[in-house]
Amino acid sequence: MQGFLDNLIRHFGHDPATWPWTQFVYLGGMALFAFAVINFAAITAGIFSWAERRVAARMQSRVGPNRVGPGGFLQWVADAVKLLTKEDLVPAEADKILFRAAPYFMMVGFACVFVALPFSHRLVIADMNIGIFFIIAVTALIVVGIIMSGWSSNSKWSLFGAIRSAAQIISYEIPGGIALMIPVMLAGTLSTQGIIRAQGGLPWQWFVFDNPAAFVAFVIYFISALAEGNRTPFDLPEAESELVSGYNTEYSGMRFSYFFLVEWGNMWVMSALATTMFLGGWQIPGVSAATLDAATGGTAVALELLSLAIFVGKTLFWVFVVMWLRWTLPRIRVDQMMNMCWKYLVPMSFAAVAFVAVWMLVVHAVPALGLVMRAIMFVLGVAFTVFFVYRTAQNIRDTGDKFDFTSNW
Amino acid sequence: MPFHFANVLVFAAIAILFVLGSLVGGHFLRPHNPTAEKEMIYECGEKPIGQAWYNFNPRFYLIALVFVIFEVEIAFMYPVASVYRSFIEKGQGMLAFLEIFVFVAILAVGLAYVWAMGDLEWVKGLKQDVLKAAREAREQPRKAA
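**Observations regarding the overall build of chain B**
A tally of helices and strands in chain B yields four helices and zero strands. Tracing chain B from N to C terminus, the helices and strands come up as α-α-α-α. Radius of gyration (C-alpha) of chain B: 28 Å, far over the 15 Å computed for a compact globule of 145 residues. Overall, chain B is about 85 × 70 × 15 Å in size when its C-alpha atoms are taken along their principal axes. For chain B, the proportion of its 145 residues judged to be buried stands at 32%. Partitioning the intrachain contacts of chain B with sequence separation of at least 6 by distance along the chain shows that 50% fall at a separation of at least 24. Here chain B displays about 9500 Å² of accessible surface, and carbon together with sulfur accounts for 68% of that area.

And the structure:
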């Protein structure tokens, strides 16, 4: 983004290194981009809230929201307007300052992730050299917001939900953090763009198929991300059947909406992170990153849009998988959740790091082995996908499911 | 580099303004007539009994302590992980590997210790020795008699 602003300044006939107003242009540009990105995040979260309800309805053979706009698409706008005009209640016995401050912490923790999160080959706010480490660090602010909201509400449901949520998020940060270390080791950099550049456009060049431990790391990361985003099967903090609504029980109106904005927006963050770290990011099949760098004029714009489309496509696929899991798996118990984290995922992630460390030494000594392993992993992945699609198709055939997109849509 | 981190500050500021703006803007749209019932803490329709700020189950604090230890170790391990590849390419792979191995081994020993001490057990039922002591205490008067 700095390059873009520099070019803009040059376009108006100034030298960015010496022009006294450069810093102000930077500041204005940053503020504009920040506003655009936060609005993007809010709008995606809104659209996901609609999409999730449609997906849920489809999976449970009901209709879902279909009144506001075509296919109910504008439902999220109606919801936003409703939340905006709802009374903002602060309980009389709550700690009022912390109660009001909690949504700010949630939003800051959520928005700052987008600083280092890439969208396409050139479209990244700041390609930090500590990118992924920064993302792991700022997401921790969301826990602070959750604890503040739960404790300050002075409600038992809120307190239980908040403490549970904190225990869950911090526990799953350990395996998630260790799993994300594996792409970092394979790429040799912490920068998110650098990690994407170390991969390639074709599936066997992705880190997920690099070796078995990397695949395990991807699965561990995905499970941890589900738990950190409070998604089913790890939605114990807001288990409706036992905790009313968890840490946001006492919130209403606009203040309440921020908790759900962050929750749905987090689906984008976790999927985009999975795409970046393991699934090749914006890399276009058959076009190397060097070609992308060298492209000029119309080709550059076309390739840029293509890389954006690839990144968004992969991300949206994983967002769909997250929704799919929510309506497939039941919620697990607290002790099962803790056991799964500390007794399975943490030892497995340690083993995966040790395996990758050995594997990288082996591949350095015998480079051909790396290619063989990639090929084997890729073939296994394709075989599994084919088997999965075949079984799903068979299930649909056997149960006579029909795609009825016309009458209820 | 300052540019990158200035972005973080600007993002935080804009996020705060975003929330503040919508709350202030909503102030002119939403009703505001609180009553005693509305301002009551929700406790399934009953009047709330006491405060929610009371002593909490200590196992959450144990998890938090274990987390702090592991998170600090992870924070130390990230730099090592990020330079591992360049060490291998310089031909010092074994050195870096031993470095990573020591880190992972320390973490693994820590995990094994915590596990063996039973701090990872979520359901802390009364342990067998406690139950046995209680049984013996019950049977003591009978033996004496």
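**Observations regarding the interface of chain A and chain B**
Quoted interface sizes are often the accessible area lost when the parts come together. The partner chain B presents 69 residues to the 91 residues of chain A that form the contact. Remark: the boundary between chain A and chain B carries eight residue pairs in polar contact (both at pLDDT 80 or more). Going through the elements one at a time, α1 (2–11), α2 (22–59), α4 (96–116), α5 (131–152), α6 (156–187), α10 (253–278) and α13 (334–365) of chain A are the ones with two or more residues in the side of chain A that touches chain B. No other element matches α6 of chain A, which puts 19 residues into the side of chain A that touches chain B. Broken down by class, the residue content of the side of chain A that touches chain B amounts to 63 nonpolar, 15 polar and 13 charged.

**Let's talk about the domain arrangement of chain A**
When the domains of chain A are assigned, the result is domain 1 (1–79), domain 2 (86–284 + 297–357) and domain 3 (366–403). The gap between the C-alpha centroids of domain 1 of chain A and domain 3 of chain A is 35 Å.

**Description of the pattern of salt bridges**
All names here are of chain A. Taken as a whole and assessed by the stated rule, the structure comprises 10 salt bridges over all chains. Across the salt bridge formed by E52 and R231, the nearest N and O atoms sit 2.9 Å from each other. A residue pair is termed long-range when its members are at least 10 positions apart, and E52 in helix α2 and R231 in the loop between α8 (212–228) and α9 (240–243) qualify at 179 residues. The residues E52 and R231 share a single accessibility class, namely buried. The closest approach of N and O atoms between E52 and R326, which form a salt bridge, is 3.5 Å. Taken together, the positions of E52 in helix α2 and R326 in helix α12 (residues 297–326) put the pair 274 residues apart, joining distant regions of the chain.

**Quick look at unusual backbone geometry**
Residues and elements named next belong to chain A. Positive phi outside glycine occurs at N154, with the angle close to 60°. Following the sequence through the fold, N154 ends up in the loop between α5 and α6. Using a relative accessible area of 4% as the deciding quantity, one classes N154 as buried. Backbone geometry places N230, a non-glycine residue, at a positive phi of 55°. Looking at the secondary structure, you find N230 in the loop between α8 and α9. Taking relative accessible area as the criterion, N230 reaches 3% and is therefore assigned buried.

**Thoughts on the side chain of H121 of chain A**
All names here are of chain A. The topology assignment puts H121 in the loop between α4 and α5. The class of H121 is buried, set by a relative accessible area of 4%. Within the structure, the side chain of H121 is placed 2.7 Å from the side chain of D293, a separation counted as a polar contact.

**Topic: the packing of α13 of chain A against helix α2 (residues 59–89) of chain B**
Packing of α13 of chain A against α2 of chain B leaves a shortest axis separation of 12 Å and a crossing angle of 15°. On the basis of the axis angle, α13 of chain A is roughly parallel to α2 of chain B. Remark: the crossing between α13 of chain A and α2 of chain B carries left-handed chirality. Facing M338, W342, F350, V353, A357, M360, L361 and H364 of chain A of α13 of chain A, the residues of α2 of chain B in contact are I63, V66, F67, F70, M77, Y84, R85, I88 and E89 of chain B.

**Comments concerning the environment of N39 of chain A**
With respect to the helices and strands, N39 of chain A occurs in helix α2. C-alpha of N39 of chain A to C-alpha of L89 of chain A: the two residues are 50 residues apart in sequence and 25 Å apart in space.

**Quick word on a nonpolar patch on the surface**
Residue and element names in this part refer to chain A. There is a patch of nonpolar side chains on the surface, built from M59, F320, W324, F384, F387, F388, V389 and Y390 and spanning about 790 Å² of accessible area. Contributions of two or more residues to the nonpolar patch are made by α12 and α14 (367–399). The element that contributes the greatest number of residues to the nonpolar patch is α14, accounting for five residues. By the element assignment, V389 lies in helix α14.

**Some thoughts on the packing of aromatic side chains**
We describe a pair of aromatic rings using the distance from one ring centre to the other and the angle between the two ring planes. Residues and elements named next belong to chain A. In total, this model carries 30 aromatic pairs over all chains according to the counting rule given. Seen from their ring centres, F114 and F119 are 6.3 Å apart, and the 15° between their planes marks the pair as stacked. This pair shows no difference in class: F114 is buried, exactly as F119 is. Ring centres of F317 and W318 lie 5.3 Å apart, and the angle between their planes is 80°; this geometry places the pair in the edge-to-face category. Three or more aromatic residues joined by ring pairs make a cluster, and in this case those are F218, Y221, F222, F278, F317 and W318.

**Here's the deal with the confidence of the model for chain A**
When pLDDT is averaged across chain A, the result is 86; 97% of the residues are at 70 or more. Of all the helices and strands in chain A, α9 of chain A carries the lowest mean pLDDT, 69, while α8 of chain A carries the highest, 91.

**Considering the nonpolar core**
Counting residues in each nonpolar core, the largest one holds 166 residues, and the members touching the most others are M107, F114 and W342 of chain A together with Y84 of chain B. Looking at this core, you find at least three residues from each of domain 1 (1–79) and domain 2 (86–284 + 297–357) of chain A. Setting aside chain neighbours within four positions, we find W342 of chain A in contact with S171, I174 and P347 of chain A together with I63, V66, F67, F70, L111 and L120 of chain B.

About the cut-offs
- Once a new chain begins, its residue numbering starts again from 1 and follows that chain's sequence as written.
- Chain A is the first chain written and ligand 1 is the first ligand written, with later ones labelled in order.
- Note on the predicted model: pLDDT of at least 70 is required for a residue's local features to be given, and 80 or more for side-chain atom pairs to be given and counted; whole-chain, interface and lining totals, by contrast, use all residues.
- As a convention, hydrogens and water are excluded, and side-chain values are obtained from all of the structure's heavy atoms.
- Here a helix means four or more residues in a row that DSSP labels H or I, a strand means two or more in a row labelled E, and each is numbered from the N terminus.
- Within these notes, the globule rule equals 2.2 Å times the number of residues to the 0.38 power, and the radius of gyration is based on C-alpha atoms.
- Exposure classes here rest on a 1.4 Å probe applied to the protein chains alone. A residue is buried below 20% of its type maximum, exposed above 50%, and partly exposed in between.
- For this analysis, residues touch if any pair of their heavy atoms sits within 4.5 Å.
- Each accessible area value is a Shrake-Rupley result obtained with a 1.4 Å probe; residue values ignore everything except the protein chains displayed when judging cover.
- Here a polar contact is recorded for every N or O atom pair within 3.5 Å, except that within protein the pair must consist of a potential hydrogen donor and a potential acceptor, and residues adjacent in sequence are included only if both atoms are side-chain atoms.
- Classification convention: Asp, Glu, Lys, Arg as charged; Ala, Val, Leu, Ile, Met, Phe, Trp, Tyr, Cys, Pro as nonpolar; all other residues, Gly among them, as polar.
- Domain ranges listed in this record stem from an automatic or a database domain assignment.
- A carboxyl oxygen of Asp or Glu within 4 Å of a side-chain nitrogen of Lys or Arg is what we treat as a salt bridge.
- Orientation is described by lines fitted to C-alpha atoms, with helices fitted over the stretch in contact, and by angles between N-to-C directions that extend from 0 to 180 degrees.
- Orientation labels follow simple angle bins: below 35 degrees gives roughly parallel, above 145 gives roughly antiparallel, 65 to 115 gives roughly perpendicular, and whatever is left gives oblique.
- For any helix crossing, the convention is left-handed if the near helix is rotated counterclockwise from the far helix by under a right angle, and right-handed if that rotation is clockwise.
- A residue counts toward a patch only above 30% relative accessible area and without a salt bridge, and it is joined to like-charged neighbours within 9 Å or, for Val, Leu, Ile, Met, Phe, Trp and Tyr, to nonpolar neighbours within 5 Å.
- Only Phe, Tyr and Trp rings are paired, with Trp represented by its six-membered ring, and only when their centres lie within 6.5 Å; those with planes under 30 degrees apart are stacked, over 60 edge-to-face, the remainder tilted.
- How sure the predictor is of each residue is captured by pLDDT, a score from 0 to 100.
- Think of a nonpolar core as a cluster: buried Ala, Val, Leu, Ile, Met, Phe, Trp, Tyr and Cys residues, connected wherever their side-chain atoms sit within 4.5 Å.

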